[in-house]
Amino acid sequence: MRLLHTSDWHLGRAFHRVGMLGAQAEFIGHLVETVRERDVDAVVVSGDVYDRAVPPLAAVELFDDALHRLAGLGVPTVMISGNHDSARRLGVGAGLLGRAGVHLRTEPSACGTPVLLSDAHGDVAFYGLPYLEPALVKDEFGVERAGHEAVLAAAMDRVRADLAARPAGTRSVVLAHAFVTGGQPSDSERDITVGGVAAVPAGVFDGVDYVALGHLHGCQTLSERIRYSGSPLAYSFSEAGQRKSMWLIDLDAGGAVTAERVDCPVPRPLARIRGTLEELLADPALTPHEQAWVEATLTDPVRPADPMARLTERFPHTLSLVFDPERAPDDPGVSYARRLAGRSDQQIAEDFVAHVRGAGPDERERAVLRDAIDAVRADEALQEVAR
C-alpha cells in the first residue's frame, strides 16, 4: 500500500503579515496531483489542518475544496486534529465524510478503533490519535497525573490491544500529533510543555508498522518507521534551511517501509542575513537573496536611521528586522527578548523568583510553579474547546 504522509497545513496562517492562502492553495493542488500521478492508495494528514480553533472563512473554503478533490479521486484520506485545531469543529460531519472516503479522527475515545483499508495483501489498520491535551483526556485514559507520555502510552495500549485481536498479518499505521524525543523543533510550533516536559520517547509507539507524526515543522526521520512530514510551507524564519516535503511511504506485504520525499512548491525562498546595515547593502554575496523573504539582523552598535526603508531598496521583500548589537551577554543593554530566548515558562518564572528574593525556588516551590503553569494551560485548552 502506498501512503502520502503530510501534516501541519495551518490553513489560514500568515507569514509575517503576508497572507499565505494562495501558497496553501498551490500546495493543495500539488498534493492532489501527487496522489494522481504517483498512484497513492491513501493520504494521511497528521493534524494542525487549521492554524487556529476558529479559522477564517477562506481557510474553511480551501479545506472544503481539498476534501472534495481528494474524495473525487476515490483515494481514502485519514486525518486527525492537532493542537491548533478545534477537534469538535474539525470533526463535524465525520460520519458523513467517512462515507465519501474522508475519515476524520478527532475523538480521543476512538483511538483504538481503526479505519480499515485493504490491498492485495490484506488489511491495513489506520489508528488516529488526535492531539491529546493531557489535562482534558487523563480521565478518559485512566492516568493519575496528566502528562504527554502517560496519555499517549495509554492510547497506544488501546491500539496494540485492538491490533492483537485482528487476523495475523494485519499491517498498522498510527497517526499522532506530538513532540517525540529526537525531533528538532522550529520557532513556529506552539509550545505543548506540560509538567516541564514536552517530548515523549519514541518507544511509546512500539508494535506498529508506521507512525505518521505531525506537530514539528521540519521533515525528519526518527527511525525507519517513525517520521515527521513537517509543514508544507515555512511559517517562521527558523525554517529557512528546511526542505519542505511530504513522505511517500510504501508498506509491503510484511509491513516493511520504503520512504521517498516529495518536494512541495516554494512560494518564495527565505533568507536570514546578518551584519551592519552598510555591510548588508554592499555585500555582493547577498545578491541571491534579493528576491527572497528576508529577516535582517543588524549588528550596528547604534541603531541606524531608516534601516527598513534602506534595506527594502535592495531587498524589497524584507519582512523582519532585528537589532542585535554585538554586546556581552551580561551587558544591561542586551534586549529582554534576547535574554529570554530559548527559555521555557518554568525557567522564566524561576528566574523571576531568584531576581525578587535573591535565591531561586526550592523543589517544593518549583512544583507549585509547574502546577500553576499547567493549570493555566489546561484552562486555556478548556476555553478553546468551549468556543
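Residues numbered from 1 in each chain as written. Predicted model: local features only at pLDDT ≥ 70, side-chain atom pairs only at ≥ 80, totals over all residues. Heavy atoms only, no water.

Draft legend 1. Representation of the overall build of the chain within the structure. Across its full length, the chain holds eleven helices and 17 strands. Against the compact-globule benchmark of 21 Å for 387 residues, the chain has a radius of gyration of 23 Å, which places it among compact chains. Each principal axis of the C-alpha atoms in the chain carries an extent, and together these give about 70 × 55 × 40 Å. Per-residue burial for the chain yields a buried fraction of 48% across its 387 residues. (Helix = DSSP H or I, 4+ residues; strand = E, 2+ residues; numbered from the N terminus. Rg over C-alpha atoms; globule rule 2.2 N^0.38 Å. Buried < 20%, exposed > 50% of the residue type's maximum accessible area, 1.4 Å probe, protein only.)

Draft legend 2. Representation of the packing of aromatic side chains within the structure. Taken as a whole, this structure holds four aromatic pairs when the rule is applied. Centre to centre, the rings of F15 and W293 are 5.4 Å apart; their planes meet at 35°, and the pair counts as tilted. On the criterion of sequence distance, the pair formed by F15 in strand β2 (residues 14-15) and W293 in strand β16 (residues 293-298) is long-range, its members being 278 residues apart. Of the residues examined, F15 reaches a relative accessible area of 0% and is grouped as buried. (Phe/Tyr/Trp six-rings, centres within 6.5 Å; stacked < 30°, edge-to-face > 60°.)

Draft legend 3. Structural view of the packing of helix α5 (residues 134-141) against helix α6 (residues 148-164). Where α5 meets α6, the closest approach of the two axes is 10 Å, and the angle between their N-to-C directions is 40°. The angle between α5 and α6 places the two elements in the oblique class. For the element pair α5 and α6, the recorded crossing hand is left-handed. Contacts between α5 and α6 involve P134, V137, K138, E140 and F141 from the first element and H148, V151, A154, A155 and R158 from the second. Here the residues of the contact of α5 with α6 sort into six nonpolar, one polar and three charged. (Axes fitted to C-alpha atoms, helices over the stretch in contact; angles between N-to-C directions. Parallel < 35°, antiparallel > 145°, perpendicular 65-115°, else oblique. Left-handed = near helix turned anticlockwise from the far one by under 90°. Contact = heavy atoms within 4.5 Å. Nonpolar A, V, L, I, M, F, W, Y, C, P; charged D, E, K, R; others polar.)

Draft legend 4. Layout of the side chain of H5. With respect to the element layout, H5 can be found in strand β1 (residues 2-6). Exposure remark for H5: the relative accessible area of 0% places this residue in the buried category. A distance of 3.1 Å separates the side chain of H5 from the backbone oxygen of L213, its partner in a polar contact. Not counting residues within four places of it along the chain, the set of residues in contact with H5 comprises V44, S46, Y210, A212, L213, R227, Y228, S229, M246 and W247. (Polar contact = N/O pair within 3.5 Å; in protein donor to acceptor, adjacent residues only side chain to side chain.)

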